[in-house]
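# Observations on the model geometry
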Amino acid sequence: LNCDPRNVSSGDRRISSANKIIPEVYHKPHRPTSGPSQFSFSYALFNSDLLFPGWDCNLPNDYANSVLLVLYFIPEIRASCLREQFEERIFAENESKTGAPKEGALSAEMGFLFHQIDQLSSQAYTNATPDIPAFSPSNFLSTFSLLPEAAALALLDGSPSAVKLPRRIEALYRFLLHHFSTELTPPKDVKDLSVIDDLMGFDFAVKNDFVAGGEAEKGKGFRAMTIELSYLSFRSPATPSFAALLQTTLHRETRLRAWHAANKKYELIIQKRVVKNLPRVLNLQCTVAGDDDGIEYWRQTNKKGGLWVPSVVVVELLEGGGVKVSELLEGEDGEEEWQTEGGGASGEKVVSKKKYELISTVSYIKNYDDGKMDFTGHHISHIFVPPSNARKVKERQINEVKALIEEQEIENVTSSVGSKLNFEEGGAETQQDHQPQTGLKGVAASKKITLASQVSMAALKEREVQLQADLDSDMTGGWSRWNCFRVDSVEATEARDYSKDYREPCLLVFREVEEEEEEEEEEVKNTGDKKKSKKEAQNALMSPDMIRLAEPGTLTIPLSVMTASPVNSVPPTIDFGIDRLPGKGDIVAIDSEFVSVQHEDSHVDMDGGKVVNMEGRSALARVSIVDSFGRVLLDDYVLPQEPVVDYVTRFSGIVASDLDPLTSNRHLVTMRTAYLKLRLLIDRGVVFIGHGLETDFKQLNVFVPPRQIIDTVHIFSQPRARKIGLRFLVNYLIGHDLQAETHDSIDDARAALELYAKALELKKEGDFDKQLTKIYEHGRKVGWTVGLSSDTK
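Assigned secondary structure in the chain consists of 22 helices and 24 strands. Long-range contacts, defined as pairs at least 24 residues apart, comprise 73% of the intrachain contacts of the chain with a sequence gap of at least 6. Here the chain displays about 35100 Å² of accessible surface, and carbon together with sulfur accounts for 50% of that area.

Here it is in structure tokens:
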């Protein structure tokens, strides 16, 4: 009978009745993936501050998201990854023809992800209702899953030898730091900076001494970026302080046997690990999640009755190799006291001393079944958001609302002089700096029906006033909890509270605080002076050069991406000229085709409902863009990074040979090239017309501001009614049968353009609502099957 309570596989370990109920905020949230509710779902209901997004769940390897956010809030890493998006060594002509990641690929994908997070934060108040959708790291996770090292280290979901989920996050974090330390290089104008290694690396020397006397052969030193907390020095019923645990980990002593040359026999030695320097960011792996050994220490209180995990520690390195660690004990009554562990000889010189503050934690939340732990669960993050970060986001949100107000004011003026609508070839080319294109005559002079145009001018101005009031208030920043797409502000103590059985520690991240910064913060506290402290200005040792790189808008995508070489020898189907590149306010139509790289994993519950265990995943296979005259600007087939499980040819028009570099007669590019081309157009302020673009852009892993999206699926829809397909609408309104045999993304893009022109025409004539009602009546009558209606005209 396997009933050892320390054996996690037994599944019979009971928990106390006081701890067995997990608060709702720790449950893994789920969004609807089918039915009408998927269209009305609002992330704002799960985000208390609307400052930063959470992440979507149910993707393979999505356990990684908790540490991706930790890295996002370390400004040096964020800035370096943003810069990697356009590194020439990554984006090169000889990019992999197999779709496999090349050197620098993971840090570039991290940069794309961080840009997506920035944009989601900035655009929260330009939606029809304030909202901040979850970020989707699918491209990053896809690239990560293809790295040979990720498989070798057993970091991937589904691997038979995968590290158990509770501890896998620690192995992943260590891997990412070492991987990025080789990929992230300093900017050309920043010297003597190696980013992660400079920020987190510290050296250990190994010293061996015989107990009987004499020094043994020196051990080999090493450099690390994380430290695994060691509990070997403590045995129950010992109750060590956090400072004692950290001190014995940093100054570990181990007894071994080694050959004594003088005595010509094996003798007992003491092997000491000596810390040579201290990092600016101290990463601690807790090594207890999913295990009983050592977890009891985290459940206890400190000697003043407060939480065992401190918010502040001080580490001192002594001349003789010793280590002294002090922690700030905080009692339940608010009293504070310092406790020190370790040390050296009396009067021994301190060679290095750093004071650290806790800035983030990653925890494992267990699931329960009828009061039993089933040892499956998910990870969450607690992260301290500095006041300067919160203010910058709020400033960007205000600027985006102001820009939308300005655009609406301009469009209200120009729409009053609009002309009759036609869809015709020819017309003026794009003028730079910048005259809008006029392909669909009258469109440039008509108020665009974007996703943001649903927000009235009065509502926008009200949002501007409210955001400005928030900014003018004392934005102190503070701790937030990320549980998938659920994001909440929390008390600082919650980040350190491991008293409940359902929560276990995985990672603690501390950051150095200089004494000068502490004095400035105390001055601000005492005087009420709101000037920026040194800590806020430099964001804890961040160089001005790195701050400059972190600011949105300072990085631009080179125009050369539009003429980048394909992975095969087939030239593009068009002769693209930079003079035709659309700019701010110009309208283009876009359509994309996708292939399946992973089938959906789901089951039916006891009530007959569908439960999605893991969402199916698609990969971009083709993207086509036409200008406002219907002329092709872009028609790229995209080499998938992952094996294709279904080409869904009936719906995509894609066959296997289209995506094979050896046999394809299509212009075939990498996913990164396709992404950067789209990003270039987005950053230039181009307005995209399409049908179902929100879904397409999410699968493309790009964020497009709502004011740059004209989605005909929303234009031709009624509240709480089904969404109507492109083929049905074109068949009914335009009078020709689209997609009769197979999909073609160029045809679909042009059809969306025509459909939008029809919508503008109907609105101008005042017949739009009447015609929309007819469409729904006809659709219900024919069961939404395609067939030309006699009363279409």
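Further notes follow.
Now for the pattern of salt bridges. For the structure on display, the rule yields 34 salt bridges. Of the charged contacts, one joins Asp 56 and Lys 698 as a salt bridge, the two residues approaching to 2.7 Å between their closest N and O atoms. Linking Asp 56 in the loop between helix H1 (37–40) and helix H2 (65–72) with Lys 698 in helix H18 (residues 693–700), this pair joins segments that are 642 residues apart in sequence. A relative accessible area of 34% places Lys 698 in the partly exposed class. Note that Asp 157 and Arg 168 form a salt bridge whose closest N and O atoms lie 2.5 Å from each other. One end of the pair, Asp 157, is in the loop between helix H6 (148–152) and helix H7 (165–183); the other, Arg 168, is in helix H7, with 11 residues separating them in the sequence. Taking the relative accessible area as the measure of exposure, Asp 157 reaches 33% and is therefore partly exposed. Salt bridges sharing common partners tie together Arg 299, Lys 366, Asp 501 and Glu 504.

Turning our attention to unusual backbone geometry. In this structure, Val 648 is a non-glycine residue whose phi angle is positive, near 35 degrees. In the Ramachandran plot, Asn 701 falls in the positive-phi region, its phi being about 65 degrees despite a non-glycine side chain. We classify Asn 701 as buried; its relative accessible area is 7%.

Here Gln 123 is to be found in the loop between helix H4 (105–122) and helix H5 (138–145). Within the local environment of Gln 123, its side chain forms a polar contact with the side chain of Thr 126, the two groups lying 2.9 Å apart. Ignoring anything within four residues of it in the chain, the contact list for Gln 123 reads Glu 400, Phe 703, Pro 705, Pro 706 and Arg 707.

With that out of the way, let us pick up the packing of aromatic side chains. Counted by the stated rule, this structure contains 27 aromatic pairs. Look at Phe 73 and Trp 482: their rings are 5.5 Å apart centre to centre, the planes differ by 50 degrees, and that puts the pair in the tilted class. Remark: Trp 482 occurs in strand S14 (residues 478–483) and Phe 73 occurs in the loop between H2 and helix H3 (75–84); sequence separation between them is 409 residues. When sorted by exposure, Phe 73 lands in the same class as Trp 482, which is buried. Here Phe 144 and Phe 175 contribute two aromatic rings whose centre-to-centre distance is 6.1 Å and whose plane-to-plane angle is 55 degrees, an arrangement assigned as tilted. A residue pair is termed long-range when its members are at least 10 positions apart, and Phe 144 in helix H5 and Phe 175 in helix H7 qualify at 31 residues. For the pair Phe 144 and Phe 175, a shared accessibility class is recorded, and that class is buried. Taken together, the aromatic side chains of Phe 52, Tyr 72, Phe 73, Phe 114 and Trp 482 make up a single cluster linked through ring pairs.

Mapped onto the elements of the fold, Glu 642 is located in the loop between strand S21 (632–639) and helix H16 (649–652). Taking relative accessible area as the criterion, Glu 642 reaches 14% and is therefore assigned buried. Polar contacts involving the side chain of Glu 642 include one to the side chain of Ser 142, which spans 2.8 Å.

A word on the pairing of S14. In terms of burial, S14 is largely enclosed, as six of its six residues are buried. Sheet topology note: the S14/strand S15 (residues 486–489) ladder contains four bridges and is antiparallel. Bridging across to S15, Arg 481 finds its partner in Asp 488. Connecting S14 to the antiparallel partner S15 that follows it, the hairpin turn spans two residues, and Cys 484 within it adopts a positive phi of roughly 55 degrees.

Here the focus is the packing of H2 against H7. With their axes 10 Å apart at the nearest point, H2 and H7 run at an angle of 45 degrees to one another. As judged from the angle between their axes, H2 and H7 are oblique. Here the hand of the crossing between H2 and H7 comes out right-handed. Residues Ser 66, Val 67, Leu 68, Val 70 and Leu 71 of H2 touch H7, and the partners they reach there are Ile 169, Leu 172, Tyr 173, Leu 176, Leu 177 and Phe 180. For the contact of H2 with H7, a count of residues per class yields 10 nonpolar, one polar and no charged.

In this section: the pairing of S21. Within S21, eight of the eight residues are buried, which leaves it mostly tucked inside the rest of the structure. Bridge count for strand S20 (residues 617–627) against S21 is five bridges, and the pairing is antiparallel. In the sheet register, Val 623 faces S21, and the bridge partner there is Asp 636. Where S21 and strand S22 (residues 668–670) come together, three bridges link them in parallel fashion. Its bridge partner lying in S22, Val 638 is registered against Val 669.

Reading the values: the criteria
- Residues numbered from 1 in each chain as written.
- Predicted model: local features only at pLDDT ≥ 70, side-chain atom pairs only at ≥ 80, totals over all residues.
- Heavy atoms only, no water.
- Helix = DSSP H or I, 4+ residues; strand = E, 2+ residues; numbered from the N terminus.
- Contact = heavy atoms within 4.5 Å.
- Areas by Shrake-Rupley, 256 points an atom, 1.4 Å probe, with all protein chains shown as cover.
- Salt bridge = Lys/Arg side-chain N within 4 Å of Asp/Glu carboxyl O.
- Buried < 20%, exposed > 50% of the residue type's maximum accessible area, 1.4 Å probe, protein only.
- Polar contact = N/O pair within 3.5 Å; in protein donor to acceptor, adjacent residues only side chain to side chain.
- Phe/Tyr/Trp six-rings, centres within 6.5 Å; stacked < 30°, edge-to-face > 60°.
- Pairing = 2+ DSSP bridges.
- Axes fitted to C-alpha atoms, helices over the stretch in contact; angles between N-to-C directions.
- Parallel < 35°, antiparallel > 145°, perpendicular 65-115°, else oblique.
- Left-handed = near helix turned anticlockwise from the far one by under 90°.
- Nonpolar A, V, L, I, M, F, W, Y, C, P; charged D, E, K, R; others polar.

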